Amino acid sequence: MNNFDYARASDVAEAVRLKAATSEAKFIAGGTNVLDLMKYHVEQPRQLIDISHLPLTNVEETSAGGVRIGALVPNSTLAYHPLIESRYPLLASAILAGASAQLRNMASTGGNLLQRTRCAYFYDVATPCNKRTPGAGCSAVDGLNRGHAILGTSADCIATHPSDMCVALAALDAKVQVAGSSGERVIALADFHRLPGDRPDLDNTLRVDEIITAIELPPQGFAANHSYLKIRDRLSYAFALVSVAAALELDGGRIGEARLALGGVAHKPWRNEAAEAALRGQAPDPQAFGRAANILLSDAKAATHNAFKIPLARRAIVRTLTQAANATPQIQAIKTIR
């Protein structure tokens, strides 16, 4: 048992002050990830700062016509919220594809963004891991890496980001609102998570004294033509081998706007604006979808055991775009066994 201090923040300002005062402190809300990390001795914070009582639980429309989601809204509440179900069903689908109902009841929206990788070597403190101890080496590079990344990797880390929700948020161009000692700022979801580079221990671009307060969605929700497909080893309670969030706006039989994001393949939700640009103005057919998939996967690089992910991702992209174009979103997980 590792000793740690406990404090409960009564407002955002106090949470920021507490975090700024202790560099080795961690925020805790639902605790669905941080408690696991502590039990496995992956992280040993000196202080836990309880933020579960902060007033960050509203889902409300913004003056610009979008929706603002408080950082402490439970995942289950968010997935079934009328504003999300009706205007951003892609997000609802992605949330419901993740974890179990019990975990979704506890997991917070802000905490979902801060999940750490589920790489087995990261969780095994007996093995070297650059994400856990910078400079120690990456056991996954020459180890069992079937579930690891094929895009955006580095010599220091090939782990994947585990969130389903974040893949949909990336496709929807969400923004993350944060508060810190220097005030408030807004981070585009695309810029919130980092690629590993030579600092895989840094998962995101939050400063040490900052807290997520909300996520903001733009007015365009692609409610008519969307789909989220998650391919995994088990039908439930499993992380994605490949996931795809696709959203289209159709105009006169052509694609007017397109969004495409991948999960399970990189250190962050993976988007490529060139792939989306290639879809605009095209007929929504398999040929156009295949070209977009080729662009999105053009830099894919397999490790020893995960080469199957590249053709799997290509097929998943074409399938998900087809479902989005036909307004027949995925309603059941796909199981694959290799």
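As the structure is a computational prediction, the values presented were derived from the model and not from experiment.

**Notes on the overall build of the protein chain**
The helix and strand tally for the protein chain stands at 13 helices and 12 strands. Computed over C-alpha atoms, the radius of gyration of the protein chain comes to 19 Å, within 12% of the 20 Å expected from 2.2 N^0.38 for 338 residues, which places it in the range of a compact globule. A principal-axis box enclosing the C-alpha atoms of the protein chain has dimensions of 60 × 50 × 35 Å. Nonlocal contacts in the protein chain, meaning residues at least 24 apart in sequence, comprise 64% of its contacts between residues at least 6 apart. Total accessible area on the protein chain stands at roughly 14800 Å², and carbon and sulfur atoms take up 51% of it. Taking the average place of the 35 positive charges on the side chains of the protein chain and the average place of its 31 negative ones, the gap between the two points comes to 6 Å.

**What to know about empty space enclosed by the protein**
Throughout the structure, instances matching the rule amount to 2 cavities of 30 Å³ or more. Approximately 80 Å³ is the volume found for the largest cavity. Forming the walls of the largest cavity are 15 residues, and the residues nearest its centre are Cys119, Cys129, Cys138, Cys157 and Ala159. Tallied by class, residues from the lining of the largest cavity come to 9 nonpolar, 4 polar and 2 charged.

**Here's the deal with the pairing of strand β11 (residues 254–263)**
A large share of β11 lies buried, amounting to 8 of its 10 residues. Between strand β10 (residues 242–251) and β11, which follow one another and run antiparallel, lie 2 residues, and Gly252 among them has a positive phi close to 60°.

**Re unusual backbone geometry**
Both trends apply: most residues other than glycine have a negative phi, and most peptide bonds are in trans. Phi angles above zero are rare outside glycine, and Asp173 is one such case at about 60°. Examined against the element boundaries, Asp173 turns out to sit in the loop between α9 (165–171) and β6 (175–180). Using a relative accessible area of 37% as the deciding quantity, one classes Asp173 as partly exposed.

**Looking at the sheet that holds strand β3 (residues 47–50)**
Read across the sheet, 3 strands follow the order β1-β3-β2 without closing on themselves; strand pairing throughout is parallel. Here the strands that pair on one side only, and so sit at the sheet edges, are β1 (5–8) and β2 (25–28). Sheet twist, expressed as the mean angle between neighbouring strand axes with direction ignored, is 25°. With 4 bridges joining them, β1 and β3 adopt parallel strand pairing.

**Examining the layout of surface pockets**
Approximately 550 Å³ is the volume found for the second largest pocket. Arg118, Gly147, Phe239, Ala240 and Leu241 are the residues nearest the centre of the second largest pocket, which is lined by 28 residues in total. Residues belonging to the lining of the second largest pocket are distributed by class as follows: 12 nonpolar, 10 polar and 6 charged.

Rules behind the numbers
Residues numbered from 1 in each chain as written. Predicted model: local features only at pLDDT ≥ 70, side-chain atom pairs only at ≥ 80, totals over all residues. Heavy atoms only, no water. Helix = DSSP H or I, 4+ residues; strand = E, 2+ residues; numbered from the N terminus. Rg over C-alpha atoms; globule rule 2.2 N^0.38 Å. Contact = heavy atoms within 4.5 Å. Areas by Shrake-Rupley, 256 points an atom, 1.4 Å probe, with all protein chains shown as cover. Lys, Arg positive; Asp, Glu negative; His and termini not counted. Charge placed at Lys NZ, Arg CZ, Asp CG, Glu CD. 1 Å grid on protein atoms, 1.4 Å probe; cavity = no way out; pocket = protein on both sides within 12 Å on 5 of 7 lines; lining within 4 Å. Points joined across faces, edges and corners; volume = space filled by probe spheres on them. Nonpolar A, V, L, I, M, F, W, Y, C, P; charged D, E, K, R; others polar. Buried < 20%, exposed > 50% of the residue type's maximum accessible area, 1.4 Å probe, protein only. Pairing = 2+ DSSP bridges. Axes fitted to C-alpha atoms, helices over the stretch in contact; angles between N-to-C directions.

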